[in-house]
Amino acid sequence: LRAELRHGHGVWPLREVRATAGDSRRGGNFRFDTRSSPPKLTGRLTGSRLSLADLGSAVGLPFDGQPVAARPQRLLPDYRFELPTLGRMDADLQIHIDELGFASQHLQAVKDLRARLTLADSVLRLEDVQARAGGGRLWGTSWLDGSDPVAVLGVDLRFADVEVSQWIRA
């Protein structure tokens, strides 16, 4: 991890981030403002590759000290998601990732991922999603509303010209 971190008057700018973890190569510029309530993270996440397997327990992989390759392959988390944590901060991030790899050998990477991630009032949204997969493209929105004790998950994802056999392999 290489970055420039400063602090002044309740604002934490993190600039020129260059981070490597496993197969992931990420970067960006961020700003965490603790003066607002709740605090807010803004910025731009970039990278040549983001592998979900490198995010470990954040995407449902057990944190047991084993190498990622030795862990069970999962597409979705299977642990309890603590909804109240969604209200602890707000966020507005632009995402530009050249290649998004999944924590499964059965899914080919998504290319040229562009999206906006927002978190406000305990609602996490991934909006303006655009990417290429299986020779075609996909676009849409998803959200997780954690403002009530029972979460509401929504996905509106569209596909055009995607060869499923090129993207999903048995």
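Look a little higher up for the structure.
Residues numbered from 1 in each chain as written. Predicted model: local features only at pLDDT ≥ 70, side-chain atom pairs only at ≥ 80, totals over all residues. Heavy atoms only, no water.

Let's shift gears to the overall build of the protein. In terms of regular secondary structure, the protein is built from one helix and nine strands. Reading the secondary structure of the protein in the N-to-C direction produces β-β-β-β-β-β-β-β-β-α. Scored against the burial criterion, the 170 residues of the protein give a buried share of 32%. Across the protein, the fraction of contacts at a sequence separation of at least 24, relative to all contacts at a separation of at least 6, is 38%. Carbon together with sulfur atoms contributes 53% to the accessible area of the protein, which is approximately 10,800 Å² in total. (Helix = DSSP H or I, 4+ residues; strand = E, 2+ residues; numbered from the N terminus. Buried < 20%, exposed > 50% of the residue type's maximum accessible area, 1.4 Å probe, protein only. Contact = heavy atoms within 4.5 Å. Areas by Shrake-Rupley, 256 points an atom, 1.4 Å probe, with all protein chains shown as cover.)

A sheet is described by the order of its strands in space; here nine strands give the open sequence 1-2-3-4-5-6-7-8-9, paired in mixed fashion. Two strands in the sheet have a free side with no partner beyond their single neighbour: strand 1 (2-5) and strand 9 (152-160). Mean inter-strand twist for the sheet, computed between neighbouring axes without regard to direction, equals 10°. Two elements, strand 6 (residues 110-120) and strand 7 (residues 123-133), share seven bridges in a ladder whose sense is antiparallel. Pairing of Leu-119 across the sheet is with Leu-124, part of strand 7. (Pairing = 2+ DSSP bridges. Axes fitted to C-alpha atoms, helices over the stretch in contact; angles between N-to-C directions.)

The next thing to look at is the pattern of salt bridges. Counted by the stated rule, this structure contains eight salt bridges. Across the pair Arg-158 and Asp-156 runs a salt bridge whose closest N-O atoms are separated by 2.9 Å. Using a relative accessible area of 44% as the deciding quantity, one classes Arg-158 as partly exposed. Taking relative accessible area as the criterion, Asp-156 reaches 32% and is therefore assigned partly exposed. Through salt bridges with shared partners, one network takes in Glu-4, Arg-6 and Arg-15. (Salt bridge = Lys/Arg side-chain N within 4 Å of Asp/Glu carboxyl O.)

In this section: the side chain of Ser-24. Within the secondary structure, Ser-24 sits in strand 3 (residues 24-33). Among the polar contacts listed, one links the side chain of Ser-24 to the backbone nitrogen of Ser-51, at a separation of 2.8 Å. Excluding its chain neighbours within four sequence positions, the residues that come into contact with Ser-24 are Ala-19, Arg-49, Leu-50, Ser-51 and Asp-54. (Polar contact = N/O pair within 3.5 Å; in protein donor to acceptor, adjacent residues only side chain to side chain.)

Here we take up the pairing of strand 9. By the bridge criterion, nine bridges tie strand 8 (residues 136-145) to strand 9 in an arrangement that is antiparallel. Pairing of Leu-144 across the sheet is with Leu-153, part of strand 9. In this structure, the hairpin formed by strand 8 and strand 9 is closed by a connection of six residues.

On to unusual backbone geometry, then. Here Ser-37 and Pro-38 are connected by a cis peptide whose omega angle stands at 0°. By the secondary structure assignment, Pro-38 is in the loop between strand 3 and strand 4 (40-51). Backbone geometry places His-9, a non-glycine residue, at a positive phi of 55°. With respect to the element layout, His-9 can be found in the loop between strand 1 and strand 2 (11-21). In this structure His-9 comes out as exposed when scored by relative accessible area, which is 74%. For Ser-122, which is not glycine, the phi dihedral falls at a positive 65°. With respect to the helices and strands, Ser-122 occurs in the loop between strand 6 and strand 7.

Glancing now at the pairing of strand 2. For a regular strand, side chains alternate in direction, first toward one face of the sheet and then toward the other. Bridge analysis of strand 1 against strand 2 gives three bridges, and the strand direction is antiparallel. If you follow Glu-4 over to strand 2, its bridge partner there is Arg-15. Inspection of the sheet shows strand 2 paired to strand 3 by nine bridges, in the antiparallel sense. Pairing of Ala-21 across the sheet is with Ser-24, part of strand 3.

This is a description of form; function is not addressed.
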